[in-house]
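Structural overview for review
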Amino acid sequence: MKKVILGAIAVCVAGCYTPLNNSGVATTKPWIEIPAKRVDFDGKQYDSCVQFKLRFWPQEAVERLDLQQSCISACCWRSEQDEITLDFNKNFEEELLHYGVARKYTPGKITLKVTHSNLVNVTKVTTDPRGAIKNSGLIKLSYTTVRDEARLAQIEQELALPPEEYVAPQAQPPAQSTTAKPVVVKPAQDVGILRAKALAQRKVGVAIDNYFYAMNKTYRQQEAVFILSSRLFSAQLQPDGTYQVTCHAKARTGIDEKHLNLSNFPCGVWLVDLNTQLVLPDDKKARQIVNQL
């Protein structure tokens, strides 16, 4: 029996990433951390809090995840959640409907199963599909860009600048006079939309630029390419007289300059009040951009 235990410990030492984690627990991978554990009156562990230190390529795939529920931004108690699914295609249909273009990732889901052996004090995580996570903690996904051409055409119309002008009906001039020039009038609603978009760009443009600068930096760290073209804004008048301004940007991304994909990146939905000159974040992405300041 003693030889069996010694043999098991020897196997663990050979296969474990580190003999001790923050809480004195060994793990099989460098991206598995155990910040805390629970022990009984005899000092034996009966539960542990597991956190995954993961990186993603492409970086924006992480936006499909709830980082806390996925045990990435915080640890999860094994007794409460010993199986975690990273769903990279969550909200795909909603994004396609809203933006007219969305990415579909492969693999779409990665499942992580956490187990612990008290005998050798080792926490292990198995992944499905196997090998989906590199030993360094990198998850590398492939993707296809799905486009809804009808929705994209609608968005292009909303983003058209300047707005359509129209000629107000004029009374017929007297027969003996020369024809007067028609008076060009810009609809009040269109003027408000222009002002709302201009105010959003002025108030949060720098924050949005910083957000994309940070994204570009992350791409470079992954030895990848991120080429941003321009920010585009569309606006809609709300029943209360404010405007909802939606920002997105077009970019080309890829592993290198020879393999680039056209991409569409959301940069927040903003609530614009022309009376008070306030621009406030109105969705998760906008709040993320504001919180980086």
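What follows concerns the sheet that holds strand β3 (residues 45-52). Taken together, the 3 strands give an open sheet; going across it, the order is β2-β3-β5, and neighbouring strands pair in antiparallel fashion. Every interior strand has two partners, whereas the edge strands, β2 (32-39) and β5 (76-77), have only one.

Take the pairing of strand β16 (residues 259-273) next. In the sheet, strand β15 (residues 243-256) pairs with β16 via 12 bridges, with the strands oriented antiparallel. Residue pairing across strands places R252 opposite L262, the latter belonging to β16. Two successive antiparallel strands, β15 and β16, enclose a turn made up of 2 residues. Where β16 and strand β17 (residues 278-281) come together, 4 bridges link them in antiparallel fashion. Residue pairing in the sheet places D273 in a bridge with L278 of β17. Once β16 ends, the chain turns through 4 residues before running back antiparallel as β17, passing Q277 with a positive phi of about 65°.

Time to look at the packing of aromatic side chains. Using the criterion set out here, one finds 9 aromatic pairs in the structure. Ring geometry for Y219 versus F226: centroids 5.2 Å apart, planes at 45°, classification tilted. An identical accessibility class is assigned to Y219 and F226; each is buried. Members of the aromatic cluster, joined through ring pairs, are W57, Y211, F212, Y219, F226 and F265.

Within helix α2 (residues 92-99), burial applies to F92, L96 and Y99. All buried residues of α2 project into a common sector of 95° when viewed along the axis, lining one side. Exposed side chains of α2 directed beyond 90 degrees from the buried face belong to E93 and L97. Backbone geometry just downstream of α2 places G100 in the positive-phi region, at approximately 80°.

Let us look at the pattern of salt bridges. According to the stated counting rule, one finds 6 salt bridges in the structure shown. For the salt bridge of R64 with E95, the shortest nitrogen-to-oxygen distance reads 2.9 Å. Of this pair, R64 sits in the loop between β4 (55-57) and β5 while E95 sits in helix α2, placing them 31 residues apart in sequence. Accessibility expressed as a relative area gives 7% for R64, which makes it buried. Judged by relative accessible area, which is 27%, E95 ranks as partly exposed.

Reading the values: rules and limits
- Residues numbered from 1 in each chain as written.
- Predicted model: local features only at pLDDT ≥ 70, side-chain atom pairs only at ≥ 80, totals over all residues.
- Heavy atoms only, no water.
- Pairing = 2+ DSSP bridges.
- Helix = DSSP H or I, 4+ residues; strand = E, 2+ residues; numbered from the N terminus.
- Phe/Tyr/Trp six-rings, centres within 6.5 Å; stacked < 30°, edge-to-face > 60°.
- Buried < 20%, exposed > 50% of the residue type's maximum accessible area, 1.4 Å probe, protein only.
- Arc of directions from axis to C-beta.
- Salt bridge = Lys/Arg side-chain N within 4 Å of Asp/Glu carboxyl O.

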